[in-house]
2 protein chains.
Amino acid sequence: MNSLVGILGGMGPGATVDAMQKLIKNTPAYRDQDHIPMIAVSIPDIPDRTQCILQHSASPLDKMLQYMKILENAGAECIIIPCNTAHYWFNELKQQCRAEMISIIDVTCQAIRNANTTRVGLLATTATVTARIYQDNLINDDIECYTPDEADQHQVMESIYAYKSGNIAGAYSMLSPVKDRLLQAGVEKIILGCTELPLILEQEVKTTPQYYVDATEELIKKTVEWYFTHSPRNNIAA
Amino acid sequence: MNSLVGILGGMGPGATVDAMQKLIKNTPAYRDQDHIPMIAVSIPDIPDRTQCILQHSASPLDKMLQYMKILENAGAECIIIPCNTAHYWFNELKQQCRAEMISIIDVTCQAIRNANTTRVGLLATTATVTARIYQDNLINDDIECYTPDEADQHQVMESIYAYKSGNIAGAYSMLSPVKDRLLQAGVEKIILGCTELPLILEQEVKTTPQYYVDATEELIKKTVEWYFTHSPRNNIAA
């Protein structure tokens, strides 16, 4: 078996599947056997990340560590987490992880820098925004990071919870005007900094990709790159 | 954690993700934490199932057993395999598995019986057709099982390999006339008896669901039923 990629998922389950789908789509493959070996743990009883950060409710860390160990024990050599808010605990997870880990925040911020963007908008959970997970990463590069006002941010969070509850149309109608206002405010690109957002704005990302940086997509591109660096004998892309 | 579902996947990777997506869609859930805990192993270096059955090339059994053990060791209590052809080895896998296993063939044939269908068409890999995996299961119920003629069956197999190679449009254009001919021959329903087929015929299954029995969907419905029988404290469907 070539290098195994582990996906610490379930936050939420739909975003986990989206990450796997994107891993498949980003792999040059002509038959099953060319694809990247992956193992995904999607055990969604991990406590709500946003509620923990904002309201100091139960921490998701212990469960995340427990499920990360399942991936390690199965032989995962690189572990990714398709949940932006969970990266609040990234360093604590990394410290206890024998496998390599790729940060969705780092790769997304790098994509912003590579695109020479100077004014970005951020759509993310209220916890990701409040904890300044993205803003602090971009601050040294003179990249201005616009976030929605309080009412709009509330609507973003409601949209994410609506999507998680299966109300896809409701999620879209809440989110769409907020992204319009960010674009009208003059941002060049919007970071989709919560893994539910590229699912809610799927059509927009397809039709006007120049306006969006999909954090899940950036994470996956880096993971594919990691794989082909570590499994040269399977490198059909070469 | 509630009862954990294990998915022995990678045959192919797209079908694995489709099964996970269908598990999410078939679960009544209002937040991440309501979803069914799952672990999916998608390590696609398992030798080609069809080539083994038809040409006696390398057997996929050892790798399937190895990856099934990963799921068992992670605590999976029920294991499913979203690949019809792999069920040629179902009994051998089941004999060595401590967890419960649900057969995609058994649940799909039961769905055919429940629908009081007497004339079904079968679209599947040439190995599944030749090994009579479906036909022998239905023979005692006076259900006639129509399979494509040799040229059409060749086209079905080419369509499946095309899909696996990423040629989605080509896969559709090869498969579509074959399903038309089966329907014109008077079958009431077509078994989509290879987990790539509901992906290739996605639009048809959406617009004319009465003509299709999607084996993946049947497997998942039974898995959801298994879960809510075994994790009563999480039964929000009750």
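Shown above is the structure to which this text applies.
A short tour of the structure in this document, coming up. Just so it is clear, the structure is predicted and the values come from calculations on it, not from any experiment.

**Things to note about the packing of aromatic side chains**
All names here are of chain A. Enumeration over the complete set of coordinates arrives at four aromatic pairs over all chains. When the centroid spacing of 5.1 Å and the interplanar angle of 75° are considered together, the rings of Tyr227 and Phe228 count as edge-to-face. A relative accessible area of 12% places Phe228 in the buried class.

**Observations concerning the sheet that holds strand E7 (residues 189-192) of chain A**
Residues and elements named next belong to chain A. Reading across the sheet, the four strands line up as E6-E5-E7-E8 and stay open at both edges, with parallel pairing between neighbours. Here the strands that pair on one side only, and so sit at the sheet edges, are strand E6 (144-146) and strand E8 (212-214). Sheet twist, expressed as the average angle between the axes of neighbouring strands with direction ignored, equals 30°. As paired elements, strand E5 (residues 119-123) and E6 share three bridges and run parallel to each other. Among the inter-strand pairings, Gly121 is bridged to a residue of E6, identified as Tyr146.

**Side note on the pattern of salt bridges**
Summed over the entire model, instances satisfying the criterion amount to 34 salt bridges over all chains. Residue A:Lys164 is joined to B:Asp32 by a salt bridge in which the shortest nitrogen-to-oxygen separation is 2.7 Å. Note that A:Lys164 is positioned in helix H8 (residues 150-164) and B:Asp32 in the loop between helix H1 (13-25) and strand E2 (38-42), a pairing that runs across two chains. When its relative accessible area of 4% is taken as the criterion, B:Asp32 is described as buried. Between B:Lys22 and B:Asp18 there is a salt bridge; the shortest N-O distance is 2.8 Å. In this pair, B:Lys22 and B:Asp18 are both assigned in helix H1, four residues apart and thus about one turn of the helix distant.

**Considering the pairing of E5(A)**
Along any regular strand, the residues point their side chains to alternate faces of the sheet. Residues and elements named next belong to chain A. Counting buried residues in E5 gives four out of five residues, a clear majority hidden from the surface. In this structure, E5 lies alongside E7, joined through four bridges in parallel fashion. Bridging from a neighbouring strand, Val120 pairs with Lys189 of E7.

Analysis parameters
- Residues numbered from 1 in each chain as written.
- Chains lettered and ligands numbered in written order.
- Predicted model: local features only at pLDDT ≥ 70, side-chain atom pairs only at ≥ 80, totals over all residues.
- Heavy atoms only, no water.
- Phe/Tyr/Trp six-rings, centres within 6.5 Å; stacked < 30°, edge-to-face > 60°.
- Buried < 20%, exposed > 50% of the residue type's maximum accessible area, 1.4 Å probe, protein only.
- Pairing = 2+ DSSP bridges.
- Helix = DSSP H or I, 4+ residues; strand = E, 2+ residues; numbered from the N terminus.
- Axes fitted to C-alpha atoms, helices over the stretch in contact; angles between N-to-C directions.
- Salt bridge = Lys/Arg side-chain N within 4 Å of Asp/Glu carboxyl O.

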